[in-house]
Amino acid sequence: MTVHFIGAGPGAADLLTIRGLRVLQKSPVCLYAGSLVPRELLAECPPGARLVDTAGLDLDQIVAELLSAHQAGDDVARLHSGDPSVFSAVAEQMRRLDGLGVPYEIVPGVPAFAAAAAALKREFTMPGVGQSVILTRIARRATAMPEGQDLKSLAQSRSTLVLHLAVQEIDDVVATLRPVYGTDGPVAVVARASRDDEQILRGTLATIAGQVREAGIRRTAVIVVGPVLTASEFPDSHLYSTERCRH
């Protein structure tokens, strides 16, 4: 028996990986985040599978479900939105399973920031413009940020910033970033990336807060900040350069 932590992707059911789908189709137990994981994926579970919505469960209750399946000899598909490597709360589940001696694996998924980039039709790294991407959040209504990882500190690099779990605090985000990226600094907000009801807002640090309020976006969104959003003048990548290909 194995617990399979599966990245279910950013929202569209068909962005689940083939590996994730195969695991889901053979697991007699499925734990899923009901508010985030597309319901269509549950139809891929085998007939008679035990389906557990974890939206209302705490960590102890979730681990109890995983342990119960382990004791029954059942594989578990543990569906998480996006990719388990970032902002998934998988680490504490794995720590508990390690202590209990329950085996597990991780099946990666399409992260929300990648779906946002696709929706915006932008590459988040461009030669001469931006070569670093910082995935972060702010500390409101969540655990505190470690020292030196607050938004003000991270902004000093002027990297491409991708903020999760922050759209409800858009005014604070703007106030923190405007001194570094400038009032005209490009910003995009992508809500429900890849879903049928996806919303895309494009603006600047002077306009984006008003746009967010007008659109009524309160959750399930990423904020992207940086010059890569609008850059059109940049050198071609060395990857496909004539000089490189000659060698």
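Above this text you will find the structure in question.
The structure contained in this document is the topic of the report that follows. Every value quoted in this text rests on a predicted model; they were computed, and no experiment measured them. (Residues numbered from 1 in each chain as written. Predicted model: local features only at pLDDT ≥ 70, side-chain atom pairs only at ≥ 80, totals over all residues. Heavy atoms only, no water.)

**Focus on the environment of Ala-221**
- Along the chain, the position of Ala-221 falls in strand S10 (residues 221-225).
- Ala-221 sits in the buried class, given a relative accessible area of 10%.
- Each C-alpha atom, one on Ala-221 and one on Gly-148, is 24 Å from the other, the two residues being 73 residues apart in sequence.
- The residues touching Ala-221, leaving out its near neighbours within four places in the chain, are Leu-163, Leu-165, Val-167, Val-189, Val-190 and Ala-191. (Helix = DSSP H or I, 4+ residues; strand = E, 2+ residues; numbered from the N terminus. Buried < 20%, exposed > 50% of the residue type's maximum accessible area, 1.4 Å probe, protein only. Contact = heavy atoms within 4.5 Å.)

**Examining the packing of helix H2 (residues 59-72) against helix H3 (residues 91-100)**
- At a minimum axis distance of 11 Å, the contact between H2 and H3 shows a crossing angle of 50°. By the angle between their axes, H2 is oblique relative to H3. For H2 against H3, the interelement crossing comes out right-handed. Taking contact as the criterion, the partners of Leu-59, Asp-60, Ile-62, Val-63, Leu-66 and Leu-67 in H2 are, on H3, Glu-92, Gln-93, Arg-96, Leu-97 and Leu-100.
- A breakdown of the residues in the contact of H2 with H3 according to their chemical character gives 7 nonpolar, 1 polar and 3 charged. (Axes fitted to C-alpha atoms, helices over the stretch in contact; angles between N-to-C directions. Parallel < 35°, antiparallel > 145°, perpendicular 65-115°, else oblique. Left-handed = near helix turned anticlockwise from the far one by under 90°. Nonpolar A, V, L, I, M, F, W, Y, C, P; charged D, E, K, R; others polar.)

**Focus on the side chain of Asp-75**
- Looking at where Asp-75 falls in the secondary structure, it is placed in the loop between H2 and strand S4 (76-80).
- Engagement of the side chain of Asp-75 in a polar contact is seen with the side chain of Lys-26, the distance being 2.9 Å. (Polar contact = N/O pair within 3.5 Å; in protein donor to acceptor, adjacent residues only side chain to side chain.)

**Topic: unusual backbone geometry**
- The backbone of Ala-89 sits at a positive phi, close to 60°, despite the residue not being glycine.
- Looking at the element boundaries, Ala-89 is found in the loop between S4 and H3.
- A residue is classified by how much of its surface remains accessible, and Ala-89, at 42% relative accessible area, is partly exposed.
- Notably, Leu-165 is not glycine yet its phi reads approximately 55°, a positive angle.
- Topologically, Leu-165 is positioned in the loop between strand S7 (160-163) and helix H6 (170-181).

**A closer look at the packing of aromatic side chains**
- This structure, assessed with the given rule, holds 1 aromatic pair.
- Measuring from centroid to centroid gives 6.0 Å for Phe-5 and Tyr-104, while their planes differ by 75°, and the two rings are edge-to-face. Taken together, the positions of Phe-5 in strand S1 (residues 3-7) and Tyr-104 in strand S5 (residues 104-107) put the pair 99 residues apart, joining distant regions of the chain.
- On the basis of relative accessible area, Tyr-104 is assigned to the partly exposed category, the value being 27%.
- Above the plane of the ring of Tyr-181 lies Arg-158, whose end atom (NZ or CZ) is 5.3 Å from the centre. (Phe/Tyr/Trp six-rings, centres within 6.5 Å; stacked < 30°, edge-to-face > 60°. Lys NZ or Arg CZ within 6 Å of the ring centre and 35° of its normal.)

**A word on a nonpolar patch on the surface**
- A contiguous nonpolar patch, built from Phe-87, Val-133, Leu-135 and Leu-165 and spanning about 340 Å² of accessible area, is present on the exposed surface.
- Residue position: Leu-135 is located in strand S6 (residues 133-136).
- Exposure remark for Leu-135: the relative accessible area of 30% places this residue in the partly exposed category. (Patch = residues over 30% accessible without salt bridge, like charges linked within 9 Å, V, L, I, M, F, W, Y side chains within 5 Å. Areas by Shrake-Rupley, 256 points an atom, 1.4 Å probe, with all protein chains shown as cover. Salt bridge = Lys/Arg side-chain N within 4 Å of Asp/Glu carboxyl O.)

**Some points on the pattern of salt bridges**
- Throughout the structure, instances matching the rule amount to 5 salt bridges.
- Asp-171 serves as the salt-bridge partner of Arg-213, at 2.9 Å between the closest nitrogen and oxygen. Of this pair, Arg-213 sits in helix H7 (residues 208-215) while Asp-171 sits in helix H6, and the two are 42 residues apart along the sequence.
- Taking relative accessible area as the criterion, Arg-213 reaches 52% and is therefore assigned exposed.
- Overall, the relative accessible area of 43% leaves Asp-171 in the partly exposed class.

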